[in-house]
Structure formats: structure tokens, C-alpha cells
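# Observations on the model geometry
One letter stands for each residue in the lines below.
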Amino acid sequence: MDEQDLEALADEIRRADATVAFTGAGISAPSGIPTFRDDGGVWERFEEGQFTYGRFRSDPVGFWRDRLELQRELFGGEYEPNAAHEALADLGRSGHLAAVITQNTDGLHEEAHEEVRAPADGETAILELHGNSQRAACDDCGFRIDGDEAFERAETGELPPTCDCGGVFKPDVVLFGERLPPAVLQRSRRLARESDVFLAIGSSLAVEPAASLPRNAAARGATLAVINLEPTPRDDDAEYVFREDVTDVLPALRSAVESA
Ligand code: APR
């Protein structure tokens, strides 16, 4: 890891009014959750077409059967925030991180920030662009239940899990063919536009509109840092590129920011 780059980025974060972290599946990979496009990733074993909103509406039984298999095979274990999530939460606690905008639906940022969050430390906004699979919502009336309850009901034969209103429960995530939650997307776009430092972490930056956030931040003059094991389409716009593991770079960056 380039120590000079790390120190320079840490200094920019210390001086910044607004540092924003943008994360993808790569930040949760060290917690044991597979990514989407790496070897052995989700899209090697499942098709995106199995999980579109159109399929959920036209074939809810088949959708839930496949979703159960995905949940069992890929997310079956208990998983915890890792050192990278905690380093971001610590930066929030020390007032150096205005927001985490995540594409992940695993809820691990929320969990990590809860552990260190104290009112006096100010609030780091956690924006879940693609929702959170720890919740499920009725697609007709919006009534929400715990995600585990929906999966348990489906697991024990209630296919699809159905709301008292007669509607079908859907994991509270953005399916292909669905719009991102407008309020979350607008706030994320504003945070990216107003950021002085924008950290793109553990994402292939392959999916729009999420991938437009680092591009727009850089275009508005933010310092862009990419932390990702593989090259991304934004590397050429970035002042800093760390081709290392998030669990190495982020704790080191947190220490460098807090050491001055
Ligand atoms: N440290 C750093 N980078 C890592 C690590 C790690 N430990 N592990 C994986 N990565 C990198 C990979 O090199 C890869 O480029 O994380 C990236 C993950 O990319 P994707 O699998 O494409 O995941 P993501 O960018 O989050 O996908 C975006 O696509 O399918 C949709 O809705 C889904 O939210 C997802 C979106």
C-alpha cells in the first residue's frame, strides 16, 4: 500500500468539510458474503432474470423459491461487520465521515455504526440505495415485517409469504426493473455533488445509476479515491487508487486520519 498516498488522502479527509463513502459488495466480502461479479460470485450461480420485479409480479412462487435458494446458498451463515465497516464507523464517530452510501442490502453498515454511534459524535447518514434484505414489505399495502420472518414462512411452505391484505411480501430490496427509492437517490446525488472527498470502496462500478455517483463527485471537483481489488471504470478519474483489500486500507486510513 502506498504510504505516501495514504497520508495524503488522510490529510485531505482531515481538512474536508464533507467526506462520503460509497460501497459495494467488496466491503462485505471479508464478512463471508459473496460478491456479484467476482469468480464464484452470485451471477455465476444465478441469473439476474430470476430476480426481476416483473418475475416477482408474474410468478411470485418461482421468485420466492429461487430467492430462498439464493438466501440459503449465499447468505445462509450469520455474518458480522468486518474491520472495514468498523473503520468507516470510527471515521463517522470522529466526525470525518458525512455519509455512507451503499449498494449492499446486508445491513452491515447500519450494524457497525450502531455499535459506535453516540449522539455527541454526530450522525453519519447511512443511505441504502438498493434497500435492505433484513426487511420485507408487502408489495400492495407496504406493511413491513422482519426479513427473517418472511424467509421462515416461505421456508415452511408459505409460498409466497402473503400479507393479511392479500398482497405478497417482497424482500425490501430494489429488484431489477424497479426504480431506486427516489428520496434516497436524490439525497445520495446531493451528497456526492457536495462532497470534498469521495471514497469508492469495493465496487466494480458496473451498475447505474449508483455508478454515476463517483463520476459526478469527481466532475464537481471532489477528490476521488478508489479502493478495489480489480480495476474500475473510474480509476482514471481518481486521484488515489488502492488496489488492496478493504480490510487493510480502511483501518490504515482511519489510523492515519486520527493520528494527526
Ligand atoms: N477488498 C477490496 N475489493 C474487493 C474485495 C476486498 N476484500 N473483495 C472484492 N472486492 C472488489 C472486487 O474486485 C469487485 O470489483 O469488489 C468489487 C465487487 O464488485 P461487484 O461484485 O460487481 O459488486 P457491486 O459493485 O457491489 O455490484 C453492484 O450490482 O448486481 C447488482 O444489485 C447488485 O448492488 C449490486 C450491484
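Predicted model, so just to flag it, every value in this text is computed and none were measured. (Residues numbered from 1 in each chain as written. Predicted model: local features only at pLDDT ≥ 70, side-chain atom pairs only at ≥ 80, totals over all residues. Heavy atoms only, no water.)

### Quick look at empty space enclosed by the protein
Short version of the rule: Grid points spaced at 1 Å and placed over the protein atoms alone form the basis of the search, with a cavity being a set where a 1.4 Å probe fits but cannot get out and a pocket an open set showing protein on both sides within 12 Å along at least five of seven lines. Lining residues have an atom within 4 Å of a point. Grid points are joined across faces, edges and corners, and a volume is the space filled by probe spheres set on the points. Residues are grouped as follows: Ala, Val, Leu, Ile, Met, Phe, Trp, Tyr, Cys and Pro are nonpolar; Asp, Glu, Lys and Arg are charged; every other residue, Gly included, is polar.
Applying the stated criterion to the full structure yields two cavities of 30 Å³ or more. When grouped by side-chain class, the residues that make up the lining of the second largest cavity number two nonpolar, four polar and three charged.

### Looking at the sheet that holds strand E8 (residues 223–227)
As a reminder, the rule being used: Paired strands, as defined in this entry, are two strands with at least two bridges between them according to DSSP. Secondary structure counts use DSSP, requiring at least four H or I residues in a row for a helix and at least two E residues in a row for a strand, with both numbered from the N terminus. Axes, fitted as lines to C-alpha atoms, cover a helix only where it is in contact. Angles between the N-to-C directions of the axes lie from 0 to 180 degrees. By definition, residues are in contact when any of their heavy atoms lie within 4.5 Å.
Pairing is parallel across the open sheet formed by six strands, whose spatial order is E3-E2-E1-E7-E8-E9. Looking along the sheet, the strands with just one partner apiece sit at the ends: strand E3 (125–128) and strand E9 (240–242). Direction aside, the axes of adjacent strands within the sheet are offset by 15 degrees on average. Where strand E2 (residues 99–102) lies against E3, four bridges are found, and the strand directions are parallel. If you follow Thr-102 over to E3, its bridge partner there is Glu-128. Here helix H1 (residues 3–15) sits on the sheet and contacts strand E1 (19–23), strand E7 (197–201), E8 and E9; the angle it forms with E9, its principal contact strand, is near 125 degrees. Running at roughly 125 degrees to E3, helix H8 (residues 182–194) makes contact with E1, E2, E3 and E7 of the sheet.

### A word on a negative patch on the surface
Selection rule: Patches here: salt-bridge-free residues with over 30% relative accessible area, like charges joined within 9 Å, nonpolar side chains (Val, Leu, Ile, Met, Phe, Trp, Tyr) joined within 5 Å. A 1.4 Å probe and the Shrake-Rupley method give the accessible areas. Residues count as covered only by the protein chains that appear here. Note on definitions: salt bridges are taken to be side-chain nitrogens of Lys or Arg within 4 Å of carboxyl oxygens of Asp or Glu. For the charge count, each Lys or Arg is scored as positive and each Asp or Glu as negative, with His and the chain ends excluded. A charged residue contributes its charge at one atom only: NZ of Lys, CZ of Arg, CG of Asp or CD of Glu. Exposure categories follow from relative accessible area, calculated using a 1.4 Å probe and restricted to protein chains: below 20% of the type maximum is buried, above 50% is exposed, and the middle band is partly exposed.
Together, Glu-78, Glu-80, Glu-86, Asp-146, Asp-148 and Glu-152 give the surface a local cluster of negative charge. Its location among the elements puts Glu-78 in the loop between helix H4 (60–75) and helix H5 (83–93). On the basis of relative accessible area, Glu-78 is assigned to the exposed category, the value being 76%.

### Focus: the site of the ligand
Our working rule: By convention in this text, a residue qualifies as near a molecule or strand provided that one of its non-hydrogen atoms is within 4 Å of it. Pairs of N or O atoms within 3.5 Å make up the polar contacts considered here, provided that, within protein, one atom can donate a hydrogen while the other can accept it, and that residues adjacent in sequence are counted only when both atoms are side-chain atoms. For a cavity or pocket, the test is whether more than half of a molecule's atoms lie within 2 Å of its grid points; if they do, the molecule sits there.
Close to the ligand lie 23 residues, the nearest being Ala-25, Phe-36, Arg-37, Ser-203 and Ser-204. Between the ligand and Ala-25 there is a distance of 2.8 Å, counted from an oxygen atom to a backbone nitrogen or oxygen. Note that an oxygen atom of the ligand is positioned 3.4 Å from one of the backbone N or O atoms of Glu-230. Expressed as a share of its isolated accessible area of 740 Å², the protein-covered part of the ligand is 94%. A majority-of-atoms criterion places the ligand in the largest pocket.

### Things to note about the domain arrangement of the protein chain
We count it as follows: Segmentation of the chain into domains, including their bounds, is taken from an automatic or database domain assignment. Here's the idea: put two parts together, see how much 1.4 Å probe accessible area each one loses, and the total over both is what we call buried area.
Partitioning the protein chain into domains gives domain 1 (1–33 + 81–130 + 180–260) and domain 2 (34–78 + 136–173). The gap between the C-alpha centroids of domain 1 and domain 2 is 28 Å. Taken residue by residue, the interface counts eleven residues in domain 1 and eight residues in domain 2. Around 610 Å² of area is buried between domain 1 and domain 2 when both sides are counted, 67% of it from carbon and sulfur atoms. For domain 1, the biggest contributors to the area lost against domain 2 are Ala-25, Ile-33 and His-130; these three give 53% of the whole. Taken together, the links from domain 1 to domain 2 amount to zero salt bridges. Counting across the interface, domain 1 meets domain 2 through zero residue pairs in polar contact (both at pLDDT 80 or more). Each residue belonging to the side of domain 1 that touches domain 2 can be placed in one class, and the counts come to five nonpolar, five polar and one charged.

### A look at the pattern of salt bridges
With the rule as written, the count across this model stands at 18 salt bridges. Put simply, Glu-128 and Arg-135 hold a salt bridge, and the shortest N to O gap is 3.8 Å. Using a relative accessible area of 31% as the deciding quantity, one classes Arg-135 as partly exposed. Between Asp-237 and Arg-234 there is a salt bridge, with its nearest N and O atoms 2.6 Å apart. Of the residues examined, Arg-234 reaches a relative accessible area of 14% and is grouped as buried.

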